[in-house]
Amino acid sequence: MVSWSEVQKWNAGVFTSLAEQVGASAEDCKSGLSDFTRVLGGFDLEGATASAARDQGHFRIEAARRQVEDLRALQEVFLWAEHEINDIAADVASIHEIERTTNITISASGVVAPRDPMVFYGRNNPFVDDEPALQFASTRIASLLSRAEAFISELEARFSRVNSGEAGAEHAYQTSDNEEAQLPPPGSNPRQIAVWWGSLSDQQKKKLKEKYPEIIGNLDGVDIATRDEVNRSLVDGMLAEAEDRVRQTYDDLVHLGMTSPFYADRYTKALDDVEDLKVLQGVLKNRERKLLVCDRGGERLKVAIGIGDFNQAQHIGVFVPGMGTTVRGNLEDYFKKAASLRSEASKVAHKPVIDYATVAWLGYDAPLSIPNVANTHRANAGADRLENFLQGLRVIPRDSQEKLHLTLLGHSYGSTTSGIAASHVQPNVVDDLVLFGSPGSGVQLGAEYRVPEGHRWVSAVPYPGDMVQGIGTDINFGRNPTEMPAFRHISGDATEGETYHTIPQGPFGNHSTYLEDKTETQKDMARIMAGLEPGS
């Protein structure tokens, strides 16, 4: 049984190193195999001796192929182990943070108890997080130790499959640049995908882009230029297909008399898809804009548009909007806000704009109605997608040698989605988290975030003009970030915004003013994105 004291010492670094070494060995072996295959192909002598030599050469080639497959399979195991241990280490770090910041203590064996029972159980305990902290730490330690045991068992099973040769054959790893490449194994994380994509030849990548464009264009871990190129190539075809559906469903409704709600909904969906894709086409006329997500699955078209040189940028900001978000209704406005944030970050830092890039991430089915916004089902689903997107940005190779600084900014329902994602994402992915106009943080304790302490921020304009703040129930949406000790408050002054009203136009009248130009709220977020202290 793995103990609490043992699991605190686990470090993914050894698996990171092993994955890199085995990957390099696989590339060397593949290169040698290619050279030997080419030489043997030119061996044209005849006779029994020559035939025997040729047979021996083919035998060696097959042995080398199996070796490359096994090395790639072993690398996959090490990358998987790296991901799992990073996940466990992040939970250990969150438990340590809870112990530091609340009135609880954790023994060497993992038993959680009040540090000062008189204060903990007192009626006037000033530490509002104590009781949930004790419950969270106790539950998380038990879960973590169980996961550690499961990890060891699964690691042994994976090593066994590699040793038997099953793993290498199972996934058909490429042993030659001339082979037709296969998609990565199901369930691969962005780091594994980045390694897989980097191992392919240009010809193999070209064939995959042609054969699986909708997969490659949305595969987190594939480089930005490829995703933009592939996703752009899909838009015209998607629009033509949507227009065909409009004509077909119109014929079904009008000429065939199919007037059931199903056909009416289908017709409305087709019309919406056409409008979404036409708006997207307009936004993409500027070639500097990067189409990082283009997914027509689910309820509606989901996209992410980036601006900037993602290979060179040292600071990237990802903006996640909330309720009511659609491509047709909001893409142009949200992209403009993301682009303005990039410009403002450059301005406040007094550095070239090439150092900055931003993304308007409309990559989930945000709620459009009151019943849907009243729960966090869509926030949870969106957080899964957002988590992978963020990790993909972190792991793709970049031209810049500077360490990437990544800021996640969530507004309204998108802040809850962002908060949930920030509590699940791999450690060292998100450097700063900014929530604004937030109905709930997505967590009960700040320590649940896998974002460094002191780098969790909240902005709130005066409440009468933005009553979305804290409107969600704590149990579903998480606690109101404006009331959580883990958050640092930045400016809530949006008075210079174009749509801001000093006398609010209703309870939500100033809810969408945070990222408007000339506001102090935008300036503080730009400072955070630039790696500066807000208000500086």
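Residues take numbers from 1 onward in each chain, read along the sequence in its written order. Totals for whole chains, interfaces and linings use every residue, but because this is a predicted model, local features are given only for residues with pLDDT of at least 70 and side-chain atom pairs only at 80 or more, for both listing and counting. The side-chain numbers reported here are obtained from all heavy atoms of the structure, hydrogens and water having been left aside.

## A few points about the overall build of the protein chain
Helices and strands together make up the secondary structure of the protein chain, namely 17 helices and 10 strands. Each residue's exposure class comes from its accessible area (1.4 Å probe, protein chains only) as a fraction of the maximum for that residue type: buried when under 20%, exposed when over 50%, partly exposed otherwise. Across the 536 residues in the protein chain, those meeting the buried criterion constitute 51%. When checking whether two residues touch, look at their non-hydrogen atoms; a contact exists if any pair is within 4.5 Å. For the protein chain, long-range pairs separated by at least 24 residues make up 72% of all intrachain contacts whose partners lie at least 6 apart in sequence. The Shrake-Rupley method, run with a 1.4 Å probe sphere, supplies the accessible areas, and residue values consider only the shown protein chains as cover. Total accessible area computed for the protein chain in this model is approximately 24,400 Å², and 52% of it derives from carbon and sulfur atoms. Starting at the N terminus, helices and strands are each numbered in turn, a helix being any DSSP run of H or I of at least four residues and a strand any DSSP run of E of at least two.

## Some remarks on the packing of helix α10 (residues 224-254) against helix α11 (residues 261-283)
α11 packs onto α10 with a crossing angle of 155 degrees between their chain directions and a minimal axis gap of 8 Å. It follows from the interaxial angle that α10 and α11 lie roughly antiparallel. Note on packing geometry: the crossing formed by α10 with α11 is left-handed. The axes are straight lines fitted to the C-alpha atoms, using for helices just the contacting stretch, and the angles between their N-to-C directions are given from 0 to 180°. Throughout, the term roughly parallel applies to angles under 35 degrees, roughly antiparallel to angles over 145, roughly perpendicular to angles from 65 to 115, and oblique to all others. Each crossing is labelled by how the near helix is turned from the far one, with a counterclockwise turn of less than a right angle marking it left-handed and a clockwise turn marking it right-handed.

## Regarding helix α7 (residues 190-198)
Among the 9 residues of α7, 7 are classified as buried, and the element is accordingly described as predominantly covered. Of all the positions in α7, only P190, Q192, I193, A194, V195, W196 and W197 are classed as buried. Pairs of N or O atoms within 3.5 Å make up the polar contacts considered here, provided that, within protein, one atom can donate a hydrogen while the other can accept it, and that residues adjacent in sequence are counted only when both atoms are side-chain atoms. Of the residues that open α7, the one with a side-chain oxygen 3.0 Å from the backbone nitrogen of R191 is N189.

## Re the sheet that holds strand β5 (residues 315-320)
Here 8 strands make up an open sheet; going across it, the order is β3-β4-β6-β5-β7-β8-β9-β10 and the pairing mixed. The open sheet has two edge strands with one neighbour each: β3 (289-295) and β10 (488-489). Pairs of strands are assigned from DSSP output, requiring at least two bridges between the strands. One ladder, built from 5 bridges, connects β5 with strand β6 (residues 356-362); its direction is parallel. Note that in β6 the partner of G317 across the bridge is T358. Sheet strands in contact with helix α12 (residues 327-349) are β3, β4 (302-307), β5, β6 and β7 (405-411), and its direction is about 160 degrees off that of β6.

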